[in-house]
Amino acid sequence: MSTVVVRYIVDDVDAAVDFYTDHLKFEVQMRPAPGFAALERGRLRLLLNAPGVGGSGQAMPDGTLPEPGGGTASKSRSRIWPPLSSD
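Residues numbered from 1 in each chain as written. Predicted model: local features only at pLDDT ≥ 70, side-chain atom pairs only at ≥ 80, totals over all residues. Heavy atoms only, no water.

Caption draft 1: Quick peek at a negative patch on the surface. Together, Asp 11, Asp 12, Asp 18 and Asp 22 make up a negatively charged patch on the protein surface. Its place among the elements puts Asp 18 in helix 1 (residues 13-22). By relative accessible area, which is 44% here, Asp 18 ends up partly exposed. (Patch = residues over 30% accessible without salt bridge, like charges linked within 9 Å, V, L, I, M, F, W, Y side chains within 5 Å. Areas by Shrake-Rupley, 256 points an atom, 1.4 Å probe, with all protein chains shown as cover. Salt bridge = Lys/Arg side-chain N within 4 Å of Asp/Glu carboxyl O. Lys, Arg positive; Asp, Glu negative; His and termini not counted. Charge placed at Lys NZ, Arg CZ, Asp CG, Glu CD. Helix = DSSP H or I, 4+ residues; strand = E, 2+ residues; numbered from the N terminus. Buried < 20%, exposed > 50% of the residue type's maximum accessible area, 1.4 Å probe, protein only.)

In C-alpha cells, the structure reads:
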C-alpha cells in the first residue's frame, strides 16, 4: 500500500509537532525550517506548515488562501484522506 500524505496548516508548528509526537506517536522525519515539519506514522505522512510557508502560501483554485484549522482546506481536500485499512 502507498503512503497517504496530508498537509495541515497550523499557527504553531512546534506545538503541533509536540502534540503529534507525544500523544499520537508520530515520528519526525524532517524539520528543515521553523515553519515546516514532516511527520510519519505507519503509512501516513503529515506535513505541518505555518501559514504562508511553502505550499501553504499558494492560493486555492478559487483564489482563497489556506488558513490554520481546516477551513477551506478540509472542505476541498477531505477526499484525499481515506480511512486506512489494517491490510
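So that's the structure; there's more coming.
Caption draft 2: Structural detail: the sheet that holds strand 3 (residues 36-41). Ordered by their spatial adjacency, 4 strands build an open sheet running 1-4-3-2, and the pairing between neighbours is mixed. What marks the edges here is a single partner per strand, and that holds for strand 1 (4-9) and strand 2 (27-33). Averaged over all pairs of adjacent strands, the angle between their axes in this sheet comes to 15°, without regard to strand direction. In the packing of helix 1 onto the sheet, contacts are made with strand 1, strand 2, strand 3 and strand 4 (44-49), and the angle to strand 4 comes to roughly 155°. (Pairing = 2+ DSSP bridges. Axes fitted to C-alpha atoms, helices over the stretch in contact; angles between N-to-C directions. Contact = heavy atoms within 4.5 Å.)

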